[in-house]
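If you want the building blocks of each chain, they are given just below.
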Amino acid sequence: MEFTKTPGWLDWYTGPSKPRFQLPAGAVDAHCHVFGPGDKFPYAPERKYTPCDASKEQLFALRDHLGFDKNVIVQATCHGSDNRALVDALKASNGKAKGVATVNRNVTDAELQEMHAAGVRGTRFNFVKRLADFTPREVLLEIANRIAPLGWHVVIYFEAVDLPELYDFFTALPTTVVVDHMGRPDVSKPVTGPEFGLFLKMMREHSNIWSKVSCPERLSVSGPKALNGEQHAYQDVVPFAKHLVETFPDRVLWGTDWPHPNLKDHMPDDGLLVDYIPQIAPTAELQRKLLVDNPTRLYWS
Ligand SMILES: O=C(O)/C=C(\CC(=O)C(=O)O)C(=O)O
């Protein structure tokens, strides 16, 4: 089956630089994807975008190039609740990849067990309106209660403006909860402002809630971009991510988000994204927690 990329689609950066930042042994790229190939793993009919193909082989080659040891592969909405491409990549990883799937209320216990055996350790709820249609909260809670006995967690992706309305639902989830990309804060607003303050309150008052401090390239307004050797990229995002790493050092994760779906402004050099990390995790201990201890505890224990 032939698929045509969404018009204007930016493919991932070809020939990423070798990071100057030496990743610690055992480092985990805790947010990345595999897409298709469409002729083997067709994209979901209900998808809101059609990506480029991005294979497990290319993901694993990037892992090795950047110096990561492992991957957490996250189901993206372009594959809906068809997790075949994800499971295929997990099974091919020799134990070096775990996964976050997307399941709906019709998933069978046998399918959950099969995904668990392949290395799935979480399910993802996407509230970003340009990516996913509305799902009734009671359905999501039903799913969360079904995956909790497996020891899985729930990954949530939402926009900061929607947090007030979603706050009570998120804080009532019965599992560990991992927020994608810091809940997409508006970085033109102050770190100490009420908007990010609500997110900090949620993390402060709920020790089961974690955050990925990834995707500065999605959030940055003033840059500079992770291109052309830039060692101090995305300065306007740094205070938000650094505050989370320093305040909640045991509940943060980081990932490349390769192959970076739906970027419009530019495509970052993944090697320079890795070089961004010391800005937000300035000590070896914080880097080890962010990149090794936390993802290993959540996905490989
Ligand atoms: O890949 C990401 O983390 C971000 C995405 C895509 C996504 O989440 C999805 O399709 O599931 C985005 O902001 O478009």
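About the thresholds
Residues numbered from 1 in each chain as written. Predicted model: local features only at pLDDT ≥ 70, side-chain atom pairs only at ≥ 80, totals over all residues. Heavy atoms only, no water. Near = heavy atom within 4 Å. Polar contact = N/O pair within 3.5 Å; in protein donor to acceptor, adjacent residues only side chain to side chain. Areas by Shrake-Rupley, 256 points an atom, 1.4 Å probe, with all protein chains shown as cover. 1 Å grid on protein atoms, 1.4 Å probe; cavity = no way out; pocket = protein on both sides within 12 Å on 5 of 7 lines; lining within 4 Å. Sits in = over half its atoms within 2 Å of the grid points. Phe/Tyr/Trp six-rings, centres within 6.5 Å; stacked < 30°, edge-to-face > 60°. Helix = DSSP H or I, 4+ residues; strand = E, 2+ residues; numbered from the N terminus. Buried < 20%, exposed > 50% of the residue type's maximum accessible area, 1.4 Å probe, protein only. Lys NZ or Arg CZ within 6 Å of the ring centre and 35° of its normal.

As annotated in an unreviewed UniProt entry, the protein carries the name 2-pyrone-4,6-dicarboxylate lactonase and comes from Rhodoferax ferrireducens.

So, about the site of the ligand. What surrounds the ligand is a group of 16 residues, the closest being Tyr49, Thr77, Arg124, Tyr157 and Asn262. Here arginine 218 contributes a side-chain N or O atom positioned 3.3 Å from an oxygen atom of the ligand. A distance of 2.7 Å is found between an oxygen atom of the ligand and a side-chain nitrogen or oxygen belonging to asparagine 262. In the complex, the protein chains occlude 100% of the 350 Å² of accessible area that the ligand would expose alone. Assessed atom by atom at 2 Å from the grid points, the ligand resides in the largest cavity.

Let's shift gears to the packing of aromatic side chains. Aromatic ring pairs: the centre-centre distance and the angle between the two ring planes describe each pair. Taken as a whole, this structure holds 12 aromatic pairs when the rule is applied. Ring geometry for phenylalanine 68 versus tryptophan 254: centroids 6.2 Å apart, planes at 15 degrees, classification stacked. Of this pair, phenylalanine 68 sits in the loop between helix H1 (56-66) and strand E2 (70-74) while tryptophan 254 sits in the loop between strand E8 (252-253) and helix H9 (270-280), and the two are 186 residues apart along the sequence. The residues phenylalanine 68 and tryptophan 254 share a single accessibility class, namely buried. Ring geometry for phenylalanine 196 against phenylalanine 240: centres 4.9 Å apart, planes inclined by 75 degrees, an arrangement best described as edge-to-face. Of this pair, phenylalanine 196 sits in helix H6 (residues 194-205) while phenylalanine 240 sits in helix H8 (residues 238-247), placing them 44 residues apart in sequence. Both residues of the pair, phenylalanine 196 and phenylalanine 240, count as buried. Three or more aromatic residues joined by ring pairs make a cluster, and in this case those are Phe127, Phe158, Phe169 and Phe170. For arginine 137, the ring lying beneath its charged end belongs to phenylalanine 169, and the centroid distance is 5.8 Å.

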